[in-house]
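The primary structure of each chain is shown beneath.
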Amino acid sequence: MVKIILASHSPRRKELLAGLGIPFEVRVIQDIDEHVPEDLPASQAALYIAKSKAEAYRGQIADDELIITADTVVIVGDEILGKPADEADALRMLRMLSGRTHQVTTGVSLMTTKMQRSFDVTTDVTFKSLTDEEIMYYINRYKPFDKAGAYGIQEWIGYIGVTGLHGSYYNVMGFPVQRIYTELQAFGLSAITD
């Protein structure tokens, strides 16, 4: 039986993977380089980082383990919005998202000692025009400093701001669980048993 290892501290990823009903444990290596080459298109950044994270675990997983690494980026135009540095940065990002459609891309890598499968999933998200009052209420109340693009779709700003979504909702939360489930099946893993 293969043991699944989730290489993430993200409470959202833990919650979503647990929802598949497949047992797993969390194991995180600190200080993995998440630098993206300057000439890499924004649309390829999440997959690049997910693969880089997986490479950090190569040689550190046992033959009966499968490691899952992931990275999520928010893209507006050609700009990647990472996690905001502070309140002013969060305000800048949410103003950029206001009244526009942006992309959320999550790169995922599943790796054993013998096999690796990597992919990315992109979801288009449209926000209504947000007032500065709405943005500051959200920032002050929810402190979205650990979220790419300075927002969590499952929080207040998603409730009042998102007017359109094309693609996976769970991808916007940072973990495209439907696709991950499908990919795990390629490794012979499933929550459904006889």
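The coordinates are above.
Residues numbered from 1 in each chain as written. Predicted model: local features only at pLDDT ≥ 70, side-chain atom pairs only at ≥ 80, totals over all residues. Heavy atoms only, no water.

A. Representation of the overall build of the protein chain within the structure. Within the protein chain, the regular secondary structure consists of seven helices and seven strands. Here the protein chain has a C-alpha radius of gyration of 17 Å; the compact-globule value for 194 residues is 16 Å, and the two agree. Seen through its C-alpha atoms, the protein chain measures out along the principal axes to roughly 50 × 40 × 25 Å. Counting only residues that meet the buried cut, the protein chain has 46% of its 194 residues in that class. When the accessible surface of the protein chain is summed, it comes to about 9,700 Å², and 49% of that surface belongs to carbon and sulfur atoms. Positive and negative side-chain charges in the protein chain, numbering 19 and 26 respectively, have mean positions lying 3 Å apart. (Helix = DSSP H or I, 4+ residues; strand = E, 2+ residues; numbered from the N terminus. Rg over C-alpha atoms; globule rule 2.2 N^0.38 Å. Buried < 20%, exposed > 50% of the residue type's maximum accessible area, 1.4 Å probe, protein only. Areas by Shrake-Rupley, 256 points an atom, 1.4 Å probe, with all protein chains shown as cover. Lys, Arg positive; Asp, Glu negative; His and termini not counted. Charge placed at Lys NZ, Arg CZ, Asp CG, Glu CD.)

B. Seen up close, the nonpolar core. Among the nonpolar cores identified, the biggest contains 43 residues, and Ile68, Tyr151, Phe175 and Leu184 are the most heavily contacted of them. Within the residue set of this core, elements represented by two or more residues are strand E1 (3-6), helix H1 (11-18), strand E3 (65-76), helix H3 (87-97), strand E5 (101-111), strand E6 (116-127), helix H4 (132-142) and helix H7 (177-186). A total of six residues in this core trace back to one element, the largest contributor, which is H3. Excluding anything up to four places from it in sequence, Phe175 contacts Leu6, Arg13, Leu16, Leu17, Ile68, Ala70, Thr106, Tyr170 and Ile180. Within the second largest apolar cluster, seven residues are counted, among which are Ala54, Ile61, Ile67 and Met111. (Core = buried A, V, L, I, M, F, W, Y, C linked by side-chain atoms within 4.5 Å. Contact = heavy atoms within 4.5 Å.)

C. A look at unusual backbone geometry. With phi around 60 degrees, Asp31 is a residue other than glycine that occupies positive phi space. Among the structural elements, Asp31 can be located in the loop between strand E2 (24-26) and helix H2 (45-57). You can call Asp31 exposed: its relative accessible area is 78%. Positive phi is not limited to glycine here, since Ala150 has a value of about 65 degrees. Among the structural elements, Ala150 can be located in the loop between H4 and helix H5 (156-161).

D. Expanded view of the pattern of salt bridges. Taken as a whole and assessed by the stated rule, the structure comprises 15 salt bridges. Here Asp64 makes a salt bridge to Lys3, at a shortest N to O gap of 3.7 Å. On the criterion of sequence distance, the pair formed by Asp64 in the loop between H2 and E3 and Lys3 in strand E1 is long-range, its members being 61 residues apart. For Lys3, a relative accessible area of 42% corresponds to the partly exposed category. Salt-bridge contacts for Arg95 lead to Asp132; the nearest nitrogen and oxygen are separated by 2.6 Å. (Salt bridge = Lys/Arg side-chain N within 4 Å of Asp/Glu carboxyl O.)

E. Broad picture of the environment of Met111. With respect to the element layout, Met111 can be found in strand E5. Those residues in contact with Met111, other than ones at most four positions away along the chain, are Ala54, Tyr57, Arg58, Ile61, Glu65, Leu66, Ile67 and Gln116.

F. The arrangement of the packing of aromatic side chains in detail. The tally for this structure, following the rule as stated, stands at four aromatic pairs. A ring pair is formed by Phe127 and Tyr151, whose centres lie 5.0 Å apart and whose planes are at 85 degrees; its orientation type is edge-to-face. On the criterion of sequence distance, the pair formed by Phe127 in strand E6 and Tyr151 in the loop between H4 and H5 is long-range, its members being 24 residues apart. Note on accessibility: Phe127 and Tyr151 belong to one class, buried. (Phe/Tyr/Trp six-rings, centres within 6.5 Å; stacked < 30°, edge-to-face > 60°.)

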